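Coordinate inspection notes
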Amino acid sequence: MKTNRTALRSLCAFAAMAMVPAISQADTWRYAFEESITDVQGVFATRFKEEVEANSDHEIQLFPYGTLGESADIMEQAQAGILQFVNQSPGFTGALIPEAQVFFVPYLLPEDHDSLSAFFSQSKAINEDFKRIYADNGLELLNMYPEGEVALTTKHEVHSPADLDQVKVRVMTNPLLVEAYKAFGATPTPLPWGEVYGGLQTNIIQGQENPVFYIESAKIYEVTDVITFLGHNNFTTAIMANKDFFDGLSEEDQAVITAASQSAFDHIIEYQKGLSEQSLEKILAAKPEMKVLTLSEEERQAFRDAAAEVEAKFIDMTGDSGKAILEQFKKDLEAVSP
Ligand code: 6CS
C-alpha cells in the first residue's frame, strides 16, 4: 500500500514536472507605450501583439499612454523588469542615452518617405551602434521607426527665428532639443506630454512641436492657431525589451519577438503613407480657421543655419561616442540618398 502511494506520488511529481515547462512557456508580457491605441505607437504595438500571439503561446498585455504614467515612468518600469517591453522616443531618452539625442540635430533626416524608411532599415548607426549602446543600459533595442514629419504649432505666424523671440515652445525633456529651439530663437520649455494641452490653454507655453497625426489626435489645434512646417525633422521612436528578460528567453521566443517587431515596422512604414495629409484634413475640418504655413526654402535657410550650432552642441554633450554616432549616421544617410 505504502509502495503504491509512493509510486503514485512519484508519478504525480513526474507529471507535474513534465507540465511545468508547458505552463511557464505561456507567459503574459507587458508592453507600454507613449500614445493611445489608435496613434502610431498603438498601431505598431497592436501589430506586434498580433504577431507574437499568432506565433507563440504568449500573450501581450498593452498599456497605452496614461495607464502607467508618463514616458519616464514606463522606462523606469521596463528597466526594473516590471514591464517586458517599452516604446520610448529618444526625445525622452536623452539623460539615459545622450547619443540618442542625435535625432534632434535639425535637418539631418531626409524628408522623403522612401529614403527615410531605407535609412531606418539599413542604418548601421541604428541597427548596430545604438543596439550596443541601449544594451549597455539594460535594453534590447528591437527597432527604431519614424512617426511622421514634425510640425510646429503656435498662436501666431512663424516665418523666421525672430518670430519665435520670447515664445515659450514646449519640447520633450531632452537637452539637445532645448538647444535646437534656443538656436531657432525661441524660449524652449521641457515638459512631459501630460502638461502640454493645459499649458497651451493657460498660455504658460505658446507653442509645441509634434507630428501632424498627434496634433490632430490630441486636439492640440484647439489650443494653437498656426501649424508651421519648417522641414526640420521627422519624429523618431524606439521599441525595446528589458535585456535580462530578452536574454533569458529561448532562441525560438527571441526569434518570435524579433520577427514581430520587424512585421510591425513594415506595417507602420506603409500605414504612415498619407497619414499627415489625412490628419491635416481632419484638423481643417474641425477648425477651418487654422493657418497652415509651409516655409519656403528661403525662409527655412535661417533655421537650417542654426543646425550647425546644434550639431556642435551635440558633440560637446556626447564627446567621442556621440561624434562617432554622428559620423556613422551621416554615412548611412549618404548611402540611402536618392
Ligand atoms: O511630444 C510628446 O511628448 C509625444 N509625441 C509623440 C508623437 N509621441 C509620444 C510623446 O509623448
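Analysis parameters
Residues numbered from 1 in each chain as written. Predicted model: local features only at pLDDT ≥ 70, side-chain atom pairs only at ≥ 80, totals over all residues. Heavy atoms only, no water. Helix = DSSP H or I, 4+ residues; strand = E, 2+ residues; numbered from the N terminus. Buried < 20%, exposed > 50% of the residue type's maximum accessible area, 1.4 Å probe, protein only. Contact = heavy atoms within 4.5 Å. Areas by Shrake-Rupley, 256 points an atom, 1.4 Å probe, with all protein chains shown as cover. Lys, Arg positive; Asp, Glu negative; His and termini not counted. Charge placed at Lys NZ, Arg CZ, Asp CG, Glu CD. Domains from an automatic or database assignment. Buried area = accessible area lost by both parts, 1.4 Å probe. Salt bridge = Lys/Arg side-chain N within 4 Å of Asp/Glu carboxyl O. Polar contact = N/O pair within 3.5 Å; in protein donor to acceptor, adjacent residues only side chain to side chain. Pairing = 2+ DSSP bridges. 1 Å grid on protein atoms, 1.4 Å probe; cavity = no way out; pocket = protein on both sides within 12 Å on 5 of 7 lines; lining within 4 Å. Points joined across faces, edges and corners; volume = space filled by probe spheres on them. Nonpolar A, V, L, I, M, F, W, Y, C, P; charged D, E, K, R; others polar. Near = heavy atom within 4 Å. Sits in = over half its atoms within 2 Å of the grid points. Phe/Tyr/Trp six-rings, centres within 6.5 Å; stacked < 30°, edge-to-face > 60°.

Further remarks concern the overall build of the chain. When its secondary structure is counted, the chain shows 13 helices and 10 strands. Summarising its shape, the C-alpha atoms of the chain cover approximately 95 × 45 × 35 Å along the three principal directions. The burial tally for the chain puts 51% of its 338 residues in the buried class. Long-range pairs, those at least 24 residues apart, make up 76% of the contacts in the chain with a sequence separation of at least 6. Surface summary for the chain: the accessible area is close to 15,000 Å², and the carbon and sulfur share equals 53%. Computed over 25 positive and 52 negative side-chain charges, the separation of the two mean positions in the chain equals 6 Å.

What follows deals with the domain arrangement of the chain. Structurally, the chain comprises domain 1 (2-147 + 236-274) and domain 2 (151-233 + 276-336). Distance from the C-alpha centre of domain 1 to the C-alpha centre of domain 2: 28 Å. Every contact between the two is made by 36 residues of domain 1 and, on the other side, 42 residues of domain 2. Taking both partners together, domain 1 and domain 2 bury about 3,400 Å²; carbon and sulfur atoms supply 65% of that area. In this structure, the connection of domain 1 to domain 2 is made through one salt bridge. When the shortest N-O distance is used, the salt bridge between R300 and E111 registers 3.4 Å. Put simply, domain 1 and domain 2 have 17 residue pairs in polar contact (both at pLDDT 80 or more) between them.

Bringing the pairing of strand β9 (residues 234-242) into the picture now. With respect to burial, β9 is a largely interior element, nine of its nine residues being buried. Bridging between strand β3 (residues 85-88) and β9 involves four bridges; their strand directions are antiparallel. By the bridge assignment, N87 is partnered in β9 with I239. Of the pairings in the sheet, the one linking strand β4 (residues 139-154) to β9 comprises eight bridges and is antiparallel in character. When the bridges of β9 are listed, E140 appears paired with A241.

To continue, consider unusual backbone geometry. Residue Q166 is not a glycine yet carries a positive backbone phi of 70°. For Q166, a relative accessible area of 63% gives the class exposed. Of note in this structure, N203 is not a glycine but carries a positive phi near 65°. Mapped onto the elements of the fold, N203 is located in the loop between α8 (196-201) and β7 (207-211).

Here the focus is the pattern of salt bridges. What the rule picks out here adds up to 15 salt bridges. The partner of K291 in a salt bridge is E157, with the nearest N and O atoms 2.8 Å apart. Residue K291 is found in strand β10 (residues 291-294), and its partner E157 is found in the loop between β4 and β5 (168-171); the two are separated by 134 residues along the sequence. Taking the relative accessible area as the measure of exposure, K291 reaches 40% and is therefore partly exposed.

This brings us to the side chain of S115. Along the chain, S115 falls in helix α5 (residues 113-122). Taking the relative accessible area as the measure of exposure, S115 reaches 5% and is therefore buried. Each residue touching S115, except ones within four places of it in the same chain, is listed here: P110, V336 and P338.

In this model, the largest pocket occupies a volume close to 410 Å³. When contributions to the lining of the largest pocket are tallied by element, the ones reaching two or more residues are α5, β4, α9 (212-217) and α12 (275-286). Per-element accounting of the lining of the largest pocket gives the leading share, four residues, to α12. Classifying every residue of the lining of the largest pocket gives nine nonpolar, 10 polar and six charged.

What follows concerns the site of the ligand. In the vicinity of the ligand, the contacting residues are E34, E35, F92, R170, M172, W193, N210, P211, Y214 and F235. Between the ligand and R170, the relevant distance is 2.7 Å, taken from an oxygen atom to a side-chain nitrogen or oxygen of the residue. Its free accessible area being 290 Å², the ligand has 99% of it covered by the protein chains. More than half of the atoms belonging to the ligand lie within 2 Å of the grid points that define the largest cavity. Across the shell around the ligand, the residue classes break down as six nonpolar, one polar and three charged. Counting contributing residues, the shell around the ligand receives three or more from each of domain 1 (2-147 + 236-274) and domain 2 (151-233 + 276-336).

Under the defined criterion, the tally for this structure stands at 18 aromatic pairs. Their ring planes at 0° and their centres at 4.3 Å tell us that F44 and Y145 sit as a pair that is stacked. With F44 in helix α2 (residues 40-55) and Y145 in strand β4, this pair connects stretches of sequence that are 101 residues apart. Assessed through its relative accessible area of 0%, Y145 is described here as buried. With centroids separated by 5.6 Å and ring planes inclined at 85°, the aromatic side chains of F85 and F245 adopt a geometry described as edge-to-face. Pair noted here: F85 is in strand β3 and F245 is in helix α10 (residues 243-247), with a separation of 160 residues, a long-range link.

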